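# Secondary and tertiary structure notes
Chain residues, written in single-letter form:
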There are 2 protein chains.
Amino acid sequence: MITAADFKVTKAERSRLKDVNLENVPFGKYFTDHMLEVDFADGEWKTVEIKPYQALTLGPSAAALHYGQAIFEGIKAYKSADGKAAIFRPLDNFKRFNISAKRMQMPEVPEEIFMEGMRLLLQLDSDWIPARANHSLYIRPFMFSSDEMLGVRPGHNFKFMIILSPTGPYYGKPMKIWVEEHYVRAVKGGVGFAKAAGNYAAAMYATEEARKNGFDQVLWTDPIEHRYVQECGVMNVFFIIDNKAITPGLEQGTILAGVTRNSVITLLNEMGITVEERDLSIDEIIAAHKAGTLQEVFGTGTAATISEIKELCYKDYSMLFDVEKWKVSPAIKNRLDTIRYMEGPDTHHWMYYI
Amino acid sequence: MITAADFKVTKAERSRLKDVNLENVPFGKYFTDHMLEVDFADGEWKTVEIKPYQALTLGPSAAALHYGQAIFEGIKAYKSADGKAAIFRPLDNFKRFNISAKRMQMPEVPEEIFMEGMRLLLQLDSDWIPARANHSLYIRPFMFSSDEMLGVRPGHNFKFMIILSPTGPYYGKPMKIWVEEHYVRAVKGGVGFAKAAGNYAAAMYATEEARKNGFDQVLWTDPIEHRYVQECGVMNVFFIIDNKAITPGLEQGTILAGVTRNSVITLLNEMGITVEERDLSIDEIIAAHKAGTLQEVFGTGTAATISEIKELCYKDYSMLFDVEKWKVSPAIKNRLDTIRYMEGPDTHHWMYYI
């Protein structure tokens, strides 16, 4: 059991906050005054340090740079118009972090280090949380193997850190998505459900190919038939077909169990919309589009929040949508915002006040 | 075109070599006096620095630690009894490095930086190459994204480095291998053929499960039927069945195109042994074992060299081998050693003298 005595706090001499314009600040570019850092060595977690944001010193043989044993989480803190600050569902991200840790053969991070460490860090840097629509403070907990040893084996030494970055909207406008049917992100028995560093690098080639063709992201399909849609790499995906919501299920372990995905399912249910978590084929999507029953398509994620998809292209079949006319995704976004910016009741206790 | 003027060499003030016992030195634990480091920024490679081995300074948001955009190679330099020093097939590793770079959406490293940089570095640290059977100087070129920016996108800034580590035998004795049929390393359309950092982290959980059960490594099977054998994560695998050699083919892009694998195929052909690169099912392997025609099983890799497999276990069917009686793998190892330690003719021009 970690007690408060195991947190060592060193404050920055001066804040860099006044150098940063928080309005429309780009995602992940600026970092706050402090960070959290704790080492795992000799089978135990050492003193948790909260200290000025600073560079790391790593041996060139640091295992994470060679064998990719690294995981992360993405969480957001919000500020209300009247100055209240809270984090959206951090305990769910904490649990997923340790699911990732287990899959990647890394030590689990104790709840008190993760949660209390995050809270202390955010208290110190709470002025960095933008109090503005579509803005938030992005929280990035991450862990990597710091062993300085080239043998391929799970690390014995790890570093867990939390850094904070104020952020505006990730995707400023509705997205154009390419349905990928050649490259593969994840397969059953693999690490697709983990927020493992290598999943993101593995997705970059196909994503860049799509970008060259004018798309923002790819929608991955299953690795065997390239027929069932999966996720977009940085977000889960929802289809509104014939007034029902359909989103790929988690059983295969090939997609991330998104916290926003889970929140959206809850809110859709509240709105009286049936949600089906199941296999959804591109054929079914195209058939719905042709029949005029494919009403909305949107992505969900911590960074992406709710991102409407205005074009979905499979081979040479392009599905274009007039997102201005949509009802469901704006309503979901509105309900989420009401909770996150603390403008209405938080009936699910999703907000964690700092 | 990089010219010699773009190499900046700074020598270490003193050598640490006398502090290290090179006999049976463990793999990847000690590093030589110098390293190579060059940055890619603004769309070009900067000055190549060869300088004293030292720690790196990286921002906590360095992309490689979050999104795993990192690749590497493994190469070995040998020293003959009479003091000649040479590298085994480095040009093949150079080519594979750039195949990995392309797949992982990273810039290709120019041949002169990779090859001439490696040569200069090795010249400086040539005293670190152990002149001893089963010993060599392991060469680790690697590259990673150093962007300090949390948006998921291919990096704009990269670091290419080469570090050197004297090494004894990787696997000291014949291995026990578990045939994996639940977890998956790679799938067609994925990055299994690339020497990408994330492939190694993704393999650790299953490997540790196997280790807990007394095995040294897993033999991966195909991701769909779990029926066709693939590779061992750190080595390719060869089966001698009925006097023919069979090794999984490269067409699916799920296994590494090993340089040692390729060398072994060449040497087997020279020895008059037919080599089949093709799908090989566990059923065929078991049938051969039952029929008494499964003669030898061995792994090949730069670190592993030729590693004989004394036990191969699939579910509850264990295949045990008396490796002392084997003929092919010792002959291959002997032929390879003759070339690598420069004791006989290098008819394929595999040795690159430094």
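Our subject is the structure that appears above.
Heads up: these notes are all about the structure in this document. (Residues numbered from 1 in each chain as written. Chains lettered and ligands numbered in written order. Predicted model: local features only at pLDDT ≥ 70, side-chain atom pairs only at ≥ 80, totals over all residues. Heavy atoms only, no water.)

### Let's talk about the overall build of chain A
Cut-off, in case you're wondering: Put simply, DSSP marks the helices as runs of H or I at least four residues long and the strands as runs of E at least two long, and each gets a number from the N terminus on. Burial classes follow relative accessibility: with a 1.4 Å probe on protein chains only, a residue under 20% of its type's maximum area counts as buried, one over 50% as exposed, and anything between as partly exposed. Working definition of accessibility: Shrake-Rupley area with a 1.4 Å probe, residue cover restricted to the visible protein chains. For the purpose of counting charges, residues Lys and Arg are taken to be positive, whereas Asp and Glu are taken to be negative. His and the chain ends are not included. Positions of charges follow a simple convention, taking NZ of Lys, CZ of Arg, CG of Asp or CD of Glu.
When its secondary structure is counted, chain A shows seven helices and 19 strands. Across the 354 residues that make up chain A, the buried fraction comes to 62%. Summed over its atoms, the accessible surface of chain A is roughly 13600 Å², and 48% of this surface lies on carbon and sulfur atoms. Of the side chains in chain A, 40 bear a positive and 46 a negative charge, and the two mean positions are spaced by 2 Å.

### Structural notes on the interface of chain A and chain B
The following threshold applies: Whether two residues are in contact is decided by their heavy atoms, any of which lying within 4.5 Å being enough. What gets called buried area is simply the loss in accessible area from a 1.4 Å probe that two parts show on being joined, summed for both. The salt bridge criterion pairs a side-chain nitrogen of Lys or Arg with a carboxyl oxygen of Asp or Glu, the two atoms within 4 Å.
Contacts between the two partners involve 60 residues from chain A and, on the opposite side, 60 residues from chain B. Interface area for chain A against chain B, summed over the two sides, is near 5100 Å², with a carbon-plus-sulfur share of 68%. If you sort the residues of chain A by the area they bury against chain B, P60, L65 and M204 of chain A come out on top, with a joint share of 14%. Counting across the interface, chain A meets chain B through zero salt bridges.

### Looking at the pairing of strand β7 (residues 75-79) of chain B
Residues and elements named next belong to chain B. Operational definition: At least two DSSP bridges between two strands are needed for those strands to be called paired.
Counting buried positions along β7 gives five out of five residues, so the element sits mostly inside the fold. On β7, burial covers both faces: I75, A77 and K79 on one face and K76 and Y78 on the other are all buried. The sheet contact formed by β7 and strand β9 (residues 136-145) spans three bridges and is antiparallel. Looking at β9, one finds that A77 is bridged to L137.

### Topic: the pattern of salt bridges
Tallied over the full model, the rule gives 57 salt bridges over all chains. When the shortest N-O distance is used, the salt bridge between R96 of chain A and E73 of chain A registers 2.7 Å. A residue pair is termed long-range when its members are at least 10 positions apart, and R96 of chain A in helix α2 (residues 90-103) and E73 of chain A in the loop between β6 (70-72) and β7 (75-79) qualify at 23 residues. Judged by its relative accessible area of 8%, R96 of chain A falls in the buried class. Judged by its relative accessible area of 0%, E73 of chain A is buried. The residue E225 of chain B makes a salt bridge to R227 of chain B at a minimum N-O spacing of 3.6 Å.

### What about the relation of the copies chain A and chain B?
Here is the rule: Overlaid copies result from least-squares superposition on C-alpha atoms, with residues included only where pLDDT is at least 70 in both.
Screw-axis analysis of chain A against chain B gives a translation of 0.0 Å along the axis, an RMSD of 0.0 Å, and a rotation angle of 180 degrees. Look at the turn and shift together and you get a two-fold axis relating the two. Judged by C-alpha distance, G198 of chain A is the residue of chain A that lies nearest the rotation axis, at 2.0 Å. Here 100% of the interface residues in chain A have copies in chain B that are interface residues too; the copies meet face to matching face.

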